[in-house]
Amino acid sequence: MAGGSASLLEIRDLRTSFFTKRGVVPAVDSVSLRVGQGEIVGLVGESGCGKSVTSLSVLGLVASPGKIIGGHILYHGEDVLGFSAARMRELRGNKVSMIFQEPMTSLNPVYTIGKQVTEALRSHDRMVGSKEARLRAVEMLARVGISEPESRLEAYPHQLSGGLRQRVMIAMALICKPGLLIADEPTTALDVTIEAQILTLMRQLQREIGSSIVLITHNLGVVAETCDRVYVMYAGRIVEEADVFELFDRPLHPYTNGLLRSIPRKNEDESAPRRLYSIKGNVPDMARLPAGCKFAPRCERCVEACTRAEPELVDSGNGHFVRCFRPMSDEVKR
Amino acid sequence: MRTKHTSLLATANMDEAAAGSPPQEMDVLEKDSFWRSVALSFIKNKLALVGLIVVILLVVLAIFAPAFAPHDPYKVDLNQQFKAPSTTYLVGTDMFGRDVLSRIIYGTRISLLVGIVPTVISMGIGIILGLIAGYYGGKIDFGLMIVSDMVLSFPSLLLAMVVMYSLGANLLNIFIALSVVGWAGTARVVRSQTLSLKNKEFVEASKAIGTRNSKIMLGHVFPNCVPQLLVLFTLNIPGSILSEASLSFLGIGAQPPASSWGLMVSNGREYLFNAPWVAISPGVAILITVLAFNFLGDGLRDALDPYLKS
Amino acid sequence: MKRYVFKKILVTVPIMIGMVFITFILLNVVPGDPITLMMREHISPDVVARVKGQMHLDDPVLLRFLRYLGGILHGDFGISYKLNRPVSYLLASAFPNTLVLTLAAALISWIIGIPAGILSAVRRYSFVDNFFMTFSLLGVSMPVFWSGLLFQYIFSLKLGLLPVAGLNGPLYLIMPAIVLGWSSAGTIARLTRSSLLEVMRNDYIRTARAKGLHEIRVIMNHALKNSLLPVVTVMALQVAGLLSGAVITESVFAIPGIGRVAVNAIQNRDMPLLQGSVVLTTFLVVAGNLVADILYAYLDPRIKYGATEAK
């Protein structure tokens, strides 16, 4: 299992809510996770489960009407939530970087690539002159697999394809050699072939630079391909945590199990065609969550106890945690 | 070596899995509930409400001017010249001893008429031309666009001045002048709406069952333009009012003894030092009226915003 | 980019000609014989005779128009009926005054409008925001002639701080420029505010913050350049509004500019003079629109460099 003993990032009981006209939406409700040195940790869940908000909270980028209302975010042991604005700026792009889902709109259309990449470097290191910054930018662009990096420096974002732009984003994020890279659905907006390339690139860079990565995605395939450990989120909570192999072999939470079951696979027995499985019910309305277990309305294993109280995250051995009163056991699976 | 679950790569999508049962049927906005929801969001906007109330008050004032005006606005009494504002003459008297307040109240008629009528006419012309241009396209569209570009490029006041020169300076001709100047903006808006709606399915469907073009334009395309046109209407009215006031101020609009606010300001100019109320107060009336329509129009636009965007 | 500019200029020429044509038609094809009209206006008989000869009134309208157009291209705008001087001369002496007034007003509107818009956007719903938006709304709603008179009353007649009217030095320009510029300032402030607010919602702003940039840098470097694009176009397009407003402002403050010339021409039924001033003014407006288009293309790299997809 990858990762050292000292946690690079530790999130403890983070609570981030959105104060909207419709009511208070607890987007992140007491989420705890940790990322070790050199680890790639996956954070999976469907849209709206709070995984993006969690990552934005780390960098203090949660937009109004969202607000972090409690918990701790420890980077190298220091609580980021107590940071002044200046220290936060020092953290962002420098020690903890983030890349986003939409490469098409995440780059400023009126500035050249070169300007945006060198800006990432020079805003954190005043000593770097413009010439040196350009050299390092070219070097970084080459490292992320962009051909003819010198000429690309003068290009504008609209002149590049989606895959190239995402590589530029990665270059911008890694140019200061951060300890942690948060990647929020970096490949969702890209072609499958480009997706594979970008993921390979990220893994390769992670090994070379030694950063840890938090990879946020709703795609289990990406998780399987890339991550060392996985957290599964549902309705603003962590419902399962495990090593990646462990999770795919022994999913304990009914939700995780449902997700794995719904992956379409080739039917071995042609005479008995199988229906595509999908989890019954709908994505919950975060403003009106049920009491008790949040997954209960959709759970096939739900019993009365599940609707009355919310289960705690319980250690199931092997670093495998699950939040469920009736986790899957070997006989019941598949 | 890692055992990769690579077969999952292309197909594992949690959203599809989580989607579960099919999405609920989307609410279809009925015409009634559309306007009701617009009205509701409009009411929440305090400034817009103030605007609406003031506009209604102005309309009432205009219609029932004789009832509200304390004195006869045309009565000349040289003994009462330049009286400062008092309890008898709330806003004082002018150079002919006429009560300024009464003249302002009667002036509301002119202003509202001049605000609304040319706007209605010019928008009517603009709507028709815009529909035709957008719907039929081709040379007609091209020609219309060139002409409207040219009209739009004129500073509106100057164009109005030119028309007034040709027709002669009086209130009636102002209606014509303002109508001529104002159609181009509406035409463009309607044209672009028509262009974007032209290719939608419901138009294709209507054509397929043989509906006459004019019916399609009026019955299908036009109703979709209504929200935008409503906003345009309320926001064009103050422009008309200001234009008339300016033209009358310059002497090329309403002529004495009409109680056009602009004319009143112009007449009061020479006496600014001694009797400032003569020139200043009609201007206040203009300001209040324009503000009221602007609040109303802004409020309408904000209330209709989600529908305008779609 | 060069092709774009060339195309735009090419389109502008026929529009300009068309506008001159519209003006010509409106002023020369009035109901009734112009000669009779002039005689009714008591214009001196020798002027009538001269004009009758000059106007070749029996010629078709199109021919008269082309003759006029040809004249303009040589700088000949005809002779003023009332003042008996070449229109071009009269316009040339009036034009600089209008130019100075309009430029001063434009400068004021940019210098006040843009910072006001930025501050309002950054401190949305605060006192500053409300103050500037009220100020803007007033500017757009006040009739220019009224605010002009109000300024004259307060600052000249009552306080004696500034000269009432005329144009005998820079001090004379202060009130007219402020009065004229207030409305433009209002429009610009509102537009800057809404444009900036919308730009701030974009993803690349989030990226800029995620890079650890100072909020001031995020706004002034990343957001501003994008939000000023529409504002810049509006600034150039405001030439039309400013010139309209200048007509009134010159009247209120007795500034001998083109606006005043035009108003006098109307009152004196001096058609060539009116025609000349309108043509000149529309030329300025069209030029302003052209500048707006080119400026926008220059500032927006998407247009400047075209969208070429590189893999």
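Criteria and cut-off values
- Residues numbered from 1 in each chain as written.
- Chains lettered and ligands numbered in written order.
- Predicted model: local features only at pLDDT ≥ 70, side-chain atom pairs only at ≥ 80, totals over all residues.
- Helix = DSSP H or I, 4+ residues; strand = E, 2+ residues; numbered from the N terminus.
- Contact = placed C-beta atoms within 7 Å.
- Rg over C-alpha atoms; globule rule 2.2 N^0.38 Å.
- Buried ≥ 20, exposed ≤ 12 C-beta atoms within 10 Å, placed from the backbone.
- Axes fitted to C-alpha atoms, helices over the stretch in contact; angles between N-to-C directions.
- Parallel < 35°, antiparallel > 145°, perpendicular 65-115°, else oblique.
- Left-handed = near helix turned anticlockwise from the far one by under 90°.
- Nonpolar A, V, L, I, M, F, W, Y, C, P; charged D, E, K, R; others polar.
- Pairing = 2+ DSSP bridges.
- pLDDT = per-residue confidence, 0-100.
- Core = buried A, V, L, I, M, F, W, Y, C linked by C-beta atoms within 7 Å.
- Expected span 1.5 Å × (residues − 1).
- Bend = angle between axes of the 7 residues up to and from the residue.

Draft legend 1. Molecular detail of the overall build of chain C. When you go through chain C residue by residue, the secondary structure sums to 13 helices and zero strands. Each helix and strand of chain C, placed in order from N terminus to C terminus, yields the pattern α-α-α-α-α-α-α-α-α-α-α-α-α. Within chain C, counting contacts between residues at least 6 apart in sequence, those at least 24 apart form 75% of the total.

Draft legend 2. Fine view of the overall build of chain A. Of the regular secondary structure elements, chain A holds eleven helices and twelve strands. Computed over the C-alpha atoms, the radius of gyration of chain A is 21 Å, within 12% of the 20 Å expected from 2.2 N^0.38 for a compact globule of 334 residues. Expressed as a percentage of its 334 residues, the buried residues of chain A come to 50%. Pairs at least 24 apart in sequence give 65% of the contacts found in chain A among residues at least 6 apart.

Draft legend 3. Just the packing of helix α1 (residues 2-28) of chain C against helix α12 (residues 271-299) of chain C, in detail. Residue and element names in this part refer to chain C. Interaxial distance between α1 and α12 falls to 10 Å at its minimum, and their mutual angle equals 160°. Taken together, the axes of α1 and α12 lie roughly antiparallel to each other. Here α1 runs over α12; the crossing is right-handed. Together, Y4, V5, K8, I9, T12, I15, M16, M19, V20, T23 and L27 of α1 and M271, L274, Q275, V278, V279, T282, F283, V286, L290, D293, I294 and A297 of α12 make up the contact between the two elements. Considered class by class, the residues forming the contact of α1 with α12 number 17 nonpolar, four polar and two charged.

Draft legend 4. Structural detail: the sheet that holds strand β1 (residues 7-20) of chain A. Residue and element names in this part refer to chain A. The strand order across the open sheet formed by four strands is β2-β1-β4-β5, and the pairing between neighbours is antiparallel. Either end of the sheet is taken by a strand with one partner, and the two such strands are β2 (23-36) and β5 (78-79). Sheet analysis places strand β4 (residues 66-75) next to β5, joined by two bridges and oriented antiparallel. Paired with Y75 across the two strands is E78, which belongs to β5. Across the sheet, helix α1 (residues 51-58) lies against β1, β2 and β4, angled at about 70° from β2, the strand it touches most.

Draft legend 5. Broad picture of the interface of chain C and chain B. If you look at the interface, chain C gives 36 residues, while chain B gives 35 residues. Of all the secondary structure elements, the ones that give two or more residues to the side of chain C that touches chain B are α1, α6 (127-141), α7 (144-158), α10 (215-252), α11 (258-267) and α12 of chain C. A per-class count over the side of chain C that touches chain B returns 26 nonpolar, ten polar and no charged.

Draft legend 6. Representation of the pairing of strand β7 (residues 180-184) of chain A. Residue and element names in this part refer to chain A. Across the five residues that make up β7, a large majority, five, are buried. Residues L180, I182 and D184 point to one face of β7 and L181 and A183 to the other, with burial holding for every one of them. Sheet topology note: the strand β6 (residues 96-99)/β7 ladder contains four bridges and is parallel. Its bridge partner lying in β7, M98 is registered against I182. Taken together, the five bridges between β7 and strand β8 (residues 212-217) define a ladder with parallel strand orientation.

Draft legend 7. Looking closely at the packing of helix α3 (residues 113-122) of chain A against helix α4 (residues 130-143) of chain A. All names here are of chain A. Across the interface, α3 lies against α4 with an axial gap of 9 Å and an inter-helix angle of 110°. Relative to α4, the element α3 lies roughly perpendicular. Residues G114, V117, T118, L121 and R122 of α3 lie in contact with α4, whose contacting residues are A133, R134, R136, A137 and M140. Each residue belonging to the contact of α3 with α4 can be placed in one class, and the counts come to five nonpolar, two polar and three charged.

Draft legend 8. Local environment of the confidence of the model for chain A. Model confidence for chain A is summarised by a mean pLDDT of 87, while 94% of its residues fall at 70 or above. Low pLDDT, under 50, characterises residues 1-5 of chain A; the stretch is placed with 13 contacts to residues that sit more than four places away or in other chains.

Draft legend 9. Structural context of the nonpolar core. Among the nonpolar cores identified, the biggest contains 251 residues, and A171(A), V214(A), A160(B), M161(B) and A262(C) are the most heavily contacted of them. No other element matches the 15 residues that helix α5 (residues 100-136) of chain B contributes to this core. If we ignore the near neighbours within four places in the chain, the residues touching A171(A) are V117(A), M140(A), L141(A) and V144(A).

Draft legend 10. Spatial organisation of unusual backbone geometry. Residue and element names in this part refer to chain A. Residue P65 is reached from S64 by a cis peptide bond, and omega for that bond is 10°. In this fold, P65 is placed in the loop between α1 and β4. Unusually for a residue other than glycine, S30 sits at a positive phi of about 60°. In this structure, S30 sits in strand β2. For K177, which is not glycine, the phi dihedral falls at a positive 50°. Relative to the helices and strands, K177 is located in the loop between α6 (162-174) and β7.

Draft legend 11. How the structure looks around the environment of V180(B). Residue and element names in this part refer to chain B. Tracing the backbone shows V180 in helix α8 (residues 171-198). Residue class for V180 comes out buried when judged on the 20 C-beta atoms lying within 10 Å of it. Sequence separation between V180 and P238 is 58 residues, and the spatial gap between their C-alpha atoms is 17 Å.

Draft legend 12. Helix α10 (residues 213-250) of chain B, seen in detail. Residues and elements named next belong to chain B. For α10, spanning 38 residues, the distance from its first C-alpha to its last is only 46 Å, which falls clearly below the expected 56 Å at 1.5 Å a residue. Along its length, α10 shows its largest kink, about 50°, at F222, and proline P223 lies within four residues downstream of that point. Just downstream of α10, G251 is the residue with a positive phi angle, here 95°.

Draft legend 13. Quick peek at the pairing of strand β10 (residues 237-243) of chain A. Residues and elements named next belong to chain A. Burial analysis of β10 places six of its seven residues in the buried class, the great majority of the element. Here six bridges tie strand β9 (residues 229-234) to β10, and the two strands are oriented antiparallel to one another. Within the sheet, the bridge partner assigned to V232 lies in β10 and is E240. The antiparallel hairpin formed by β9 and β10 contains two residues in its connecting segment, where A235 sits at a positive phi of about 50°. Bridge analysis of β10 against strand β12 (residues 321-322) gives two bridges, and the strand direction is antiparallel. Looking across to β12, one finds that E240 is bridged to V322.

Draft legend 14. A look at the sheet that holds β12(A). Residues and elements named next belong to chain A. The strand order across the open sheet formed by eight strands is β6-β7-β8-β3-β9-β10-β12-β11, and the pairing between neighbours is mixed. Taken across any chain shown, the strands that pair with only one partner, and hence form the sheet edges, are β6 and β11 (314-315). When strand β3 (residues 40-44) meets β8, the two strands line up parallel, connected through five bridges. Looking across to β8, one finds that V41 is bridged to V214.

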